Amino acid sequence: MAVSFTLVRYLGRAMIRLFKHYVPNTVLLLGLLDVILLITAGELGWQLRAHQIAFDAGPVIDRIPQLASFTLVIETAMIGLGVYGAESLQSLRHALVRLLVSIALGVLGLSVLYFLLPPIGFWRSNLLYAAVAALVLLLMMRILLGKTLGSQAFKRRIVVLGAGPRAARLKQLARTPGSNFAVVGYVAMSEANRVIPEAIARDAIYNLADHVVLLNASEVVLALEERRNALPLKDLLRIKTTGVHVNEISTFLERETGRVDLDSVNPSWLIFSDGFSSGRMMSGLFKRLFDIAASLILLVVAMPLVLVTAVLIKLESRGPALYRQRRVGLYGQPFHVLKLRSMRQDAEAPGEAVWAEKDDPRITRIGRIIRKIRVDELPQCWSVLKGEMSFVGPRPERPQFVEDLEQVLPYYAERHMVKPGITGWAQINYPYGASIDDARQKLEYDLFYAKNYSPFLDLLILLQTARVILFPSGAR
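Residues numbered from 1 in each chain as written. Predicted model: local features only at pLDDT ≥ 70, side-chain atom pairs only at ≥ 80, totals over all residues. Heavy atoms only, no water.

A. Representation of the overall build of the protein chain within the structure. In terms of helices and strands, the protein chain carries 18 helices and eleven strands. The burial tally for the protein chain puts 47% of its 476 residues in the buried class. Accessible surface, the protein chain: about 24,500 Å² in total, of which carbon and sulfur atoms supply 64%. (Helix = DSSP H or I, 4+ residues; strand = E, 2+ residues; numbered from the N terminus. Buried < 20%, exposed > 50% of the residue type's maximum accessible area, 1.4 Å probe, protein only. Areas by Shrake-Rupley, 256 points an atom, 1.4 Å probe, with all protein chains shown as cover.)

B. Region of the structure containing the sheet that holds strand E4 (residues 181-188). What the five strands build is an open sheet, ordered E5-E4-E3-E6-E7; its pairing is parallel. Edge positions in the sheet fall to strand E5 (200-201) and strand E7 (245-248), since each has one partner strand and no second. Across four bridges, the pairing between strand E3 (residues 156-161) and strand E6 (residues 219-222) is parallel. Its bridge partner being in E6, Val159 is matched across the sheet by Val220. With respect to the sheet, helix H10 (residues 249-257) is in contact with E3, E4, E6 and E7, its orientation differing from that of E7 by roughly 95°. (Pairing = 2+ DSSP bridges. Contact = heavy atoms within 4.5 Å. Axes fitted to C-alpha atoms, helices over the stretch in contact; angles between N-to-C directions.)

C. Spotlight on the pattern of salt bridges. Within this structure, the stated rule accounts for 19 salt bridges. Its salt-bridge partner being Glu43, residue Arg63 comes within 2.7 Å of it at the nearest N-O pair. Taken as a pair, Arg63 in the loop between helix H2 (25-52) and helix H3 (64-80) and Glu43 in helix H2 lie far apart in primary sequence, 20 residues in all. One exposure class covers both Arg63 and Glu43, and it is buried. Its salt-bridge partner being Asp446, residue Arg415 comes within 2.9 Å of it at the nearest N-O pair. Placement of the pair is Arg415 in the loop between helix H15 (399-408) and strand E11 (421-423) and Asp446 in helix H17 (residues 436-452), with a sequence separation of 31 residues. (Salt bridge = Lys/Arg side-chain N within 4 Å of Asp/Glu carboxyl O.)

D. Spotlight on the environment of Ala426. Within the secondary structure, Ala426 sits in helix H16 (residues 425-429). A relative accessible area of 0% places Ala426 in the buried class. Once the C-alpha coordinates of Ala426 and Leu447 are considered, the two residues, 21 residues apart in sequence, prove to be 9.4 Å apart. Non-local contacts of Ala426, meaning those with residues more than four positions away in its chain, are made with Lys442, Tyr445 and Asp446.

E. Local environment of the pairing of E6. Burial of the side chains of E6 extends over both faces: Glu219 and Val221 are buried on one face and Val220 and Leu222 on the other. Bridging between E6 and E7 involves four bridges; their strand directions are parallel. Considered in E7, the bridge of Val220 is made with Val246.

F. Fine view of the nonpolar core. Among the nonpolar cores identified, the biggest contains 37 residues, and Val260, Phe391, Trp425, Tyr449, Leu457 and Ile461 are the most heavily contacted of them. Every element with two or more residues in this core is listed here: helix H11 (267-272), strand E9 (334-340), helix H14 (381-386), strand E10 (390-392), H15, H16, H17 and helix H18 (455-470). Top contributing element to this core by residue count: H17, with seven residues. Sequence-distant contacts of Leu457, defined by excluding residues within four places in its chain, comprise His21, Trp425, Phe448, Tyr449 and Asn452. Counting 27 residues, the second largest nonpolar core, distinct from the first, contains Ala50, Leu110, Leu127 and Ala131. (Core = buried A, V, L, I, M, F, W, Y, C linked by side-chain atoms within 4.5 Å.)

G. Here's a closer look at a nonpolar patch on the surface. Taken together, the side chains of Val112, Phe115, Leu116 and Leu117 define a hydrophobic patch exposed on the protein surface, amounting to about 450 Å² of accessible area. With respect to the secondary-structure elements, Leu116 resides in helix H5 (residues 92-116). On the accessibility criterion, Leu116 (59% relative accessible area) is exposed. (Patch = residues over 30% accessible without salt bridge, like charges linked within 9 Å, V, L, I, M, F, W, Y side chains within 5 Å.)

By themselves these figures say nothing about function.
Shown next as structure tokens:
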């Protein structure tokens, strides 16, 4: 019992960082349990079929390639389809739907893999039994755990220094379903605009470091409204030496939300914080090689679909099936993208850029379908092959929109410091939007991507793009 309590305490205080990307403790634990259950399901499928035909199953070590491939492919499908997202962790119904689709797609992928590499494959009956066992085991575990993974025991405990609007933002974020932290105390630091009534005045605490330790906090977040000549450096040094992490609110929000928070950042934070690394020669080379190979394959494989869609577009409305549109790319350089036309030919007046709206009447019937499943984006693989775009990156905007947005949104030009992409961090985390406020939200995600780019993050985005396509939300 003592060991399990210690493990829970440790997981509640830890957060793993993989290649600049933070993995919440609950997701890490659940993922490890899922891997164990998938291996178990694969072995159960094999043993059941061997028993049916009176076949000697042999030692489990002989089946390591089969069990490893089964676990890896199913787990990859689960990650891509959002099984570890906040909604799936909070809703059993949501988790069941995602598990069903993930296992179905995983079995389809395994069938192709086993056809190409028979020595590492299950028999078809083994695979069927293993898939059913996986669904039952994974669902049973989620039923048994219930909302345990979202309980306070698995959340990091933080103390907030500050009692103004910034502290209130942290209070609101902590109450969001799926939040990975709990605020266990607020310390008012002589703010003029105090809005946290339960905050304890700093003058009422004799030793702030002891106060933080007594609250069993693992982190202190600095949420002062005015930092000039107000940083409690002596307090922060003592807290740091007790082993408690100390973070500024911008860094904390970036980690917790996956966005660069425009309301709290300033140029000095962007300059001195981690990220925007220039030492990307190898990762940049890997990214370019992947773009070339993937775009060539996709152009060949998707050509029949593009041709069929082009014919349907021509049959429904006048005008060309493909159209070229000017966009802003790397370092603000303009280029042209190719897209399948999803709107009427007269959707815009010459030289006038117009935001798309919800249920936009300019969109054709075929256009509405291809926008939801992102088929209209396939011709952009040509821009990827030419090097003007990448598969992953901020979506390229039209010059008219860029000019307007740079006037009202701080740091908007910085999103052009990375190559634009077909899919991106903003696209998998924020529903399609077409307004200044939507652009601001998406800019925060784009800045996070530009700041924290890594091949691992690209892989995560590519995997989760499948979730956006299969479970579309607000495509326009």
